[in-house]
Amino acid sequence: MVVEPGAGVSGSVERARAGDADAFEGVYRAHVGRVYALCLRMSGDNIRAGELTQDVFIRAWDKLDTFRGESAFGSWLHRLATNVVLGALRSERRRSEEPLEHDESDESALPPLEPRPDLGLDLDEAIRSLPPMARQVVVLHDIEGYEHAEIGAMLGIAEGTSKAHCFRARRLLRERLSR
């Protein structure tokens, strides 16, 4: 794809909204890294993150006409990605019959982390090792910058429950990173 001089991502977005698949490829390339990182942090699984990333961009292509330009395209896409990931995680929980708001993961039942001898345990590994609800809340709050009230609304939990999961996640991260 060749981008005309002076036509940045916003120009690509406008052309993609008009149905230009090559322009959408440029949008994809500009944003895929950030979307994948969000999907990985939220899901904790490389393969699932790749699937979710593809789902996000399929949904973005389908919903591109709803982007009104009132905010940056990256912000719109980020919110769409968050919604896609949360929807997929809710669906997976319903299939496993594990209630969304109830995370009774036994921390001792979590697989032990095996840091590589040549490298210290890295933060992404520690985040992936968190129980699902704690991981989602800490990613949404501490990494993505959402407020606890927003997280509560997204996850269908009380604001206080969001704060409790965040506190728990931070405690677990401190323990795992201090090993």
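None of these values were measured; they are calculated from a predicted model.

With that out of the way, let us pick up the pattern of salt bridges. One pass over the full model with this rule turns up nine salt bridges. Put simply, Asp20 and Arg15 hold a salt bridge, and the shortest N to O gap is 3.9 Å. Between Glu25 and Arg29 there is a salt bridge whose closest N-O contact spans 2.6 Å. Note that Glu25 and Arg29 are positioned in helix α2 (residues 21-43) at a spacing of four residues, about one turn of the helix. The class of Glu25 is partly exposed, set by a relative accessible area of 30%.

One simple way to see leftover space: roll a probe sized like a water molecule over the atoms. Under the criterion given, the structure shown has one cavity of 30 Å³ or more. Within this model, the largest cavity holds a volume of roughly 40 Å³. Contributing to the lining of the largest cavity are His31, Arg34, Val35, Gly74, Leu77 and His78. Every element with two or more residues in the lining of the largest cavity is listed here: α2 and α4 (73-96).

Before going further, it helps to examine the nonpolar core. Ranked by size, the top nonpolar core spans 45 residues in total, and within it Phe73, Trp76, Leu77 and Leu155 carry the most contacts. For this core, the leading source of residues is α4, giving ten residues.

Summed over the entire model, instances satisfying the criterion amount to six aromatic pairs. Pairing Tyr28 with Phe57 gives two aromatic rings, centres 4.7 Å apart and planes at 70 degrees, and the pair type is edge-to-face. One end of the pair, Tyr28, is in helix α2; the other, Phe57, is in helix α3 (residues 46-63), and 29 residues separate them in sequence. Tyr28 sits in the partly exposed class, given a relative accessible area of 26%. Aromatic pair Phe67 and Phe73: ring centres 5.2 Å apart, planes at 90 degrees, arrangement edge-to-face. Judged by relative accessible area, Phe73 falls into the buried class, the value being 8%. Among the aromatic residues, ring-to-ring pairing joins Phe24, Tyr28, Phe57 and Trp61 into one connected group.

What follows is about α2. An ideal rise of 1.5 Å per residue puts 33 Å on 23 residues; α2 reaches only 28 Å between its terminal C-alpha atoms. Bending of α2 peaks at approximately 50 degrees at the position of His31. For α2, the set of buried residues is Ala23, Phe24, Gly26, Val27, His31, Val35, Leu38, Cys39, Leu40, Met42 and Ser43. N-cap assignment for α2: the residue whose side-chain oxygen lies 2.9 Å from the backbone N of Asp22 is Asp20. Gly44 occupies a position one or two residues after α2 and carries a positive phi of about 75 degrees.

Three- or four-residue spacings in an α-helix give side chains the same orientation, since the helix completes a turn every 3.6 residues. Among all positions of helix α7 (residues 148-155), only His148, Ile151, Gly152, Met154 and Leu155 are buried. Around the axis of α7, the buried residues are gathered within 165 degrees of arc, so they sit on the same side. Just beyond α7, the residue with positive phi is Gly156, at close to 75 degrees.

Once that is clear, we can look at the confidence of the model for the protein chain. Looking at the protein chain, the pLDDT average stands at 81 and 80% of residues meet or exceed 70. When the elements of the protein chain are averaged for pLDDT, helix α1 (residues 9-17) gives the smallest value, 82, and α3 the largest, 94. Contacts of residues 1-7 to residues separated by more than four positions or lying in other chains number five contacts, the stretch itself having pLDDT below 50.

Rules of the game
Residue numbers restart at each chain and count upward from 1, following the sequence in its written direction. For a predicted model such as this one, the threshold for reporting local features is a pLDDT of at least 70, and the threshold for listing and counting side-chain atom pairs is 80 or more; totals across whole chains, interfaces and linings nevertheless cover every residue. Hydrogens and water are ignored here; the side-chain numbers use all heavy atoms of the structure. Salt-bridge detection follows one rule: a side-chain nitrogen of Lys or Arg within 4 Å of a carboxyl oxygen of Asp or Glu. The numbering of helices and of strands both runs from the N terminus, where a helix is a DSSP run of H or I of at least 4 residues and a strand a run of E of at least 2. For every residue, the accessible area (1.4 Å probe, protein chains only) is compared with the maximum for its type, and the residue is labelled buried under 20%, exposed over 50%, or partly exposed between those bounds. Whether a set of points on the 1 Å grid over the protein atoms alone is a cavity depends on a 1.4 Å probe fitting there but being unable to get out, while an open set qualifies as a pocket with protein on both sides within 12 Å along at least five of seven lines; lining residues are those with an atom within 4 Å of a point. Grid points are joined across faces, edges and corners, and a volume is the space filled by probe spheres set on the points. Put simply, a nonpolar core is a bunch of buried Ala, Val, Leu, Ile, Met, Phe, Trp, Tyr and Cys residues held in one set by side-chain atoms that sit within 4.5 Å of each other. Working definition: a ring pair exists when centres of Phe, Tyr or Trp rings (six-membered ring for Trp) sit within 6.5 Å. Plane angles under 30 degrees give stacked, over 60 give edge-to-face, the rest tilted. Given a helix with a known number of residues, its expected span is that number minus one, times 1.5 Å. Two axes enter the bend calculation: one fitted to the seven residues ending at the residue in question, the other to the seven starting there, and the bend is the angle between them. Here a polar contact is recorded for every N or O atom pair within 3.5 Å, except that within protein the pair must consist of a potential hydrogen donor and a potential acceptor, and residues adjacent in sequence are included only if both atoms are side-chain atoms. Read the arc as the range of directions from the helix axis to the C-beta atoms. One number per residue, pLDDT, summarises how confident the predictor is, and it ranges from 0 to 100. The contact definition used throughout considers only heavy atoms, calling two residues in contact when any of these lie within 4.5 Å.

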